[in-house]
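The primary structure of each chain is shown beneath.
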Amino acid sequence: KDDVVQTDVLIVGSGPAGSAAALFLSNQGIANIMITKYRWTANTPRAHITNQRTMEVLRDAGIEDQVLAEAVPHELMGDTVYCESLAGEEIGRRPTWGNRPDRRADYELASPSMPCDIPQTLLEPIILKNATMRGTQTQFSTEYLGHTQDDEGVSVQVLNRLTGHTYTIRAKYMIGADGARSKVAEDINLPMEGDMDIGGSMNITFKADLSHLAAHRPSILYWVFHPGSNIGGLGAGLVRMVRPWNEWLVVWGFDINGKPPVLDNEEAIQIVRNLVGIEDLEVEILGYSLWGNNNQYATHLQKGRVFCAGDAIHKHPPSHGLGSNTSIQDSYNLCWKLAYVIKEKAGPELLESYSIERAPIAKQIVTRANGSSAEYKPIFDALGVTDATTNEEFTEKLALRKENSPGGARRRTALRAALDAKDYEFNAQGTEIGHYYDSTAVVTDDKPRPELTEDPMLHHQKSTFPGLRLPHAWLGDEKEKYSTHDIAKGTCFTIFTGITGQAWADAAARVSERLDIEITTVVVGEGQPVQDLYGDWLRQREVDEDGVILVRPDKHIGWRAYRMVEDPEAALFKVFSALLHKE
Ligand code: FDA
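From a predicted model like this one, the values you see are computed outputs, not experimental measurements.

Quick notes on the site of the ligand
Logical step 1: Around the ligand there are 30 residues in total, and Thr36, Gln120, Tyr144, Asp311 and Ser324 lie nearest to it.
Logical step 2: At 3.1 Å from an oxygen atom of the ligand is found a main-chain nitrogen or oxygen belonging to His48.
Logical step 3: Between the ligand and the protein, one listed contact pairs an oxygen atom with a side-chain N or O atom of Gln120 at 2.8 Å.
Logical step 4: Notes on the ligand: free accessible area 1000 Å², of which the protein chains cover 90%.
Logical step 5: Looking at the shell around the ligand, the elements with two or more residues in it are helix H1 (16-27), strand E8 (142-149) and helix H9 (323-342).
Logical step 6: Per element, the largest residue contribution to the shell around the ligand is four residues, and it comes from H9.

Okay, here's the thing in C-alpha cells:
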C-alpha cells in the first residue's frame, strides 16, 4: 500500500507531446506526474521546424519568449537550396516557410507568431523546465511497464531504473506520449493503419564551419542530389542546419531491404564530405544513428481513461517537420478537456471528442509527410537520374539539365515545375494551421461549412465557422496591442461580441455562475477597453456587431450566433451545456 503514489494525470514520456501535456496541465492547476525512461530529454536535435500553430500554443502557455531566445529566427529559415553538393553547383532555390515575398503576408496576417527553428534538444528542456516549475512531478530514469484500469482510475506499474525498484502510480487518467514504438498504445490496442519501416535513413550530426557555403543563402535545409540520393531516406540527401552555420545534421538514405550500412566514424565523415562536396573538410562527428521511415497512424486514440498523443499515434518521415508540432498540438487539444473533466466542469463524454478531433489530423499529417517525401521523385525525373544505376551515370545525367538542346530546355521547364511543387511541403500554411474539428465539442447551426476557395494544403480557411481555428486580429488600445489569440486564454472559454452585443456579455456572466465555469468576455469596439484598432476583427468575424463568437480554450471556435437573440442567456446556457456535456 505504501508503494502507491497518487496523482490526477500520469504522463508517460517527456518528448514534445509529453512535456507539453505536463505544461498545459500544470498551467490549469492539475496535479500530474511525467515519467521518462531516460536520464534526460532528447539527445539528438531531431525536430526543429516549429510552425505558427505550435508557436501560438507555446505563446498561450507563456513560453514563446523563452523559445524565441534560443531559436534561429524566421528570416534565416527559408532560402531552401537544391544542389549537387553544398560546395557544388546549384540546381535551384525556392524561398520557404513564409519567406517567399508573395506568401509572407499570408503568414503575417494569419498569426501573432511566425515559424522559427529550434532543435528538439533545446526545445524539450524549455517545455519540461516550465512544466516542472509550475507543478509537474518529473521522474527521469523511470520506465512504464504496464497498467490496469477500472471505473475510477488507472494503476500504472513503473520501474525506477536507478534502484531497480518497481512501484505503482494511481492516476485518474494516463497519457501515453511514449513515441513511435509506444508500449501504451500497444497495451490499449489502438487500431493502426499503414506500415512501419518502409525506408531506411541515417542521421549524422557534425560540427564544421560552413558559413561560406550557407550565410549568403540562409536556409535550414540544403537538399543534395548526389549519387545514391535516390535510395531510401527522405527522398533526397539532406544537409540540415542545427546551429548557423557550424553545427549540422545529415540525413542520408539506405535500402531498407538490404544489409544495414555499417556506420563508423570514417564512414560518417565520408558521407558528410560527399554531401558538402569538400573532400578534405574538417569534420567533427557528434553522433550517428540508423532509423526507419514509417507510414502509420492510429484511427482511434483512447481506451477508457488512457489516451495516446504524439508519435504514438502518428508515425511518419520528418519531411515537412510535422511530428513534434503535431505532438504538441495533440496535447493542447487533450489537456483542456482533461482539466475540465477533472475539475468536474465538464462531463467525461467531452474526452471522447479528443479522438474524434485529432485522429483525422493524425491521418492527414502522416499522408502529407509521406507525400512530401514522394514529391522528390519528379525532381529526379526532371533531372533524368531516377533510374541511374552507377555513380558515373548519375553524374553524367545530372549535367543534361544544362544542355543547349530542346531536350535540355524541356528538362529545365520540368525541373522548375517540380521544385515549385515542393510548396506542398515548404509553404503549406494550410496544412500547418488549417485544422478543423467536427465533434460534439463544437456546436454548429444548420448552415454547412463554407466552400473552400483556395487549396486547403497551401492556404487555411479564414473563417469563424465553428470548428475552425480562431482568426488572428490585432486588437488593443492606445497603450497596448495584442492578438485575439492573446485575449482568449488557454485556461478558459472566451466570448467575443460588439457594443450592441452587450447583452451577450451580461448573459455570459450569469451562465458562468450557473455552470461554475470561467468565461472571459470581450466586448470589442469604440470606447471599450478592447478596440478593433485596424478594423481587422470587423473584417474577419463574419457575424454582426451584436452577434457572438464563442472560443474554446484551445482557440478553436466552439459556436457562433450571427446576431442578438431574444434570450441570450438561454442560448449560451444551452450551447455550453451541450459542449461540456453538463446536462
Ligand atoms: P518522442 O519520441 O519525442 O518521445 C518519447 C518519450 O517517451 C521519450 O521521453 C522517451 O523517454 C519516453 N518513453 C518511451 N518509452 C517509455 C517507457 N516505456 N517508459 C517511460 N518513458 C518512455 N518534427 C517536427 O515537428 N519538426 C521537425 O522539423 C522535425 N524534424 C525531424 C527530423 C528528424 C531527423 C527526425 C528523426 C524527426 C523529426 N521530427 C520533426 C519528428 C519529431 O522528432 C517527433 O515527431 C517527436 O519527437 C515526437 O514527439 P513525442 O513526444 O510523441 O515522442
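Focus on the pairing of strand E15 (residues 284-298)
Logical step 1: Bridge count between strand E11 (residues 192-207) and E15: 13 bridges; the pairing is antiparallel. Bridge assignment links Ser201 to a residue of E15, and that residue is Trp291.

So, the packing of helix H2 (residues 52-60) against H9
Logical step 1: Remark: H2 packs on H9, axes separated minimally by 9 Å, with the N-to-C direction vectors making an angle of 45°. Of the possible angle classes, the one that applies to H2 and H9 is oblique. The way H2 lies across H9 gives a crossing that is left-handed. Where H2 approaches H9, its residues Arg53, Thr54, Val57, Leu58 and Asp60 are matched on the opposing element by Asn325, Ile328, Gln329 and Tyr332.

Considerations on the packing of H1 against helix H5 (residues 120-133)
Logical step 1: The interhelical angle for the contact between H1 and H5, taken along N-to-C directions, is 25°, at an axis separation of 8 Å. Between H1 and H5, the angle falls in the class roughly parallel. Judged by the twist between their axes, the crossing of H1 over H5 is left-handed. Mapping the contact onto sequence places Pro16, Ser19, Ala20, Ala22, Leu23 and Ser26 in H1 and Gln120, Glu124, Ile127, Leu128, Asn130 and Ala131 in H5.
Logical step 2: A per-class count over the contact of H1 with H5 returns seven nonpolar, four polar and one charged.

Here's the deal with the packing of aromatic side chains
Logical step 1: Counted under the stated rule, the structure contains 18 aromatic pairs.
Logical step 2: Ring geometry for Tyr173 and Phe307: centres 6.3 Å apart, planes at 45°, overall tilted. Here the residue Tyr173 occupies a position in strand E10 (residues 166-176), and Phe307 occupies one in strand E17 (residues 306-308), the gap between them amounting to 134 residues. Both residues of the pair, Tyr173 and Phe307, count as buried.
Logical step 3: Measuring from ring centre to ring centre gives 6.2 Å for Trp223 and Phe426, while their planes differ by 45°; the resulting arrangement is tilted. Linking Trp223 in strand E12 (residues 221-224) with Phe426 in helix H14 (residues 423-426), this pair joins segments that are 203 residues apart in sequence.

Points about the environment of His556
Logical step 1: When you line up the elements, His556 lands in the loop between strand E23 (548-551) and strand E24 (557-561).
Logical step 2: The buried category is assigned to His556, whose relative accessible area is 2%.
Logical step 3: When the C-alpha atoms of His556 and Cys335 are compared, they prove to be 14 Å apart, with 221 residues separating the residues in sequence.
Logical step 4: Those residues within four positions of His556 in sequence are excluded, and the remaining contacts are Arg53, His435, Tyr437, Gly467, Leu468, Arg469, Leu470, Leu550 and Val551.
Logical step 5: Only 2.9 Å separates the side chain of His556 from the backbone oxygen of Gly467, close enough to count as a polar contact.

So, how was this worked out
Residues numbered from 1 in each chain as written. Predicted model: local features only at pLDDT ≥ 70, side-chain atom pairs only at ≥ 80, totals over all residues. Heavy atoms only, no water. Near = heavy atom within 4 Å. Polar contact = N/O pair within 3.5 Å; in protein donor to acceptor, adjacent residues only side chain to side chain. Areas by Shrake-Rupley, 256 points an atom, 1.4 Å probe, with all protein chains shown as cover. Helix = DSSP H or I, 4+ residues; strand = E, 2+ residues; numbered from the N terminus. Pairing = 2+ DSSP bridges. Axes fitted to C-alpha atoms, helices over the stretch in contact; angles between N-to-C directions. Parallel < 35°, antiparallel > 145°, perpendicular 65-115°, else oblique. Left-handed = near helix turned anticlockwise from the far one by under 90°. Contact = heavy atoms within 4.5 Å. Nonpolar A, V, L, I, M, F, W, Y, C, P; charged D, E, K, R; others polar. Phe/Tyr/Trp six-rings, centres within 6.5 Å; stacked < 30°, edge-to-face > 60°. Buried < 20%, exposed > 50% of the residue type's maximum accessible area, 1.4 Å probe, protein only.

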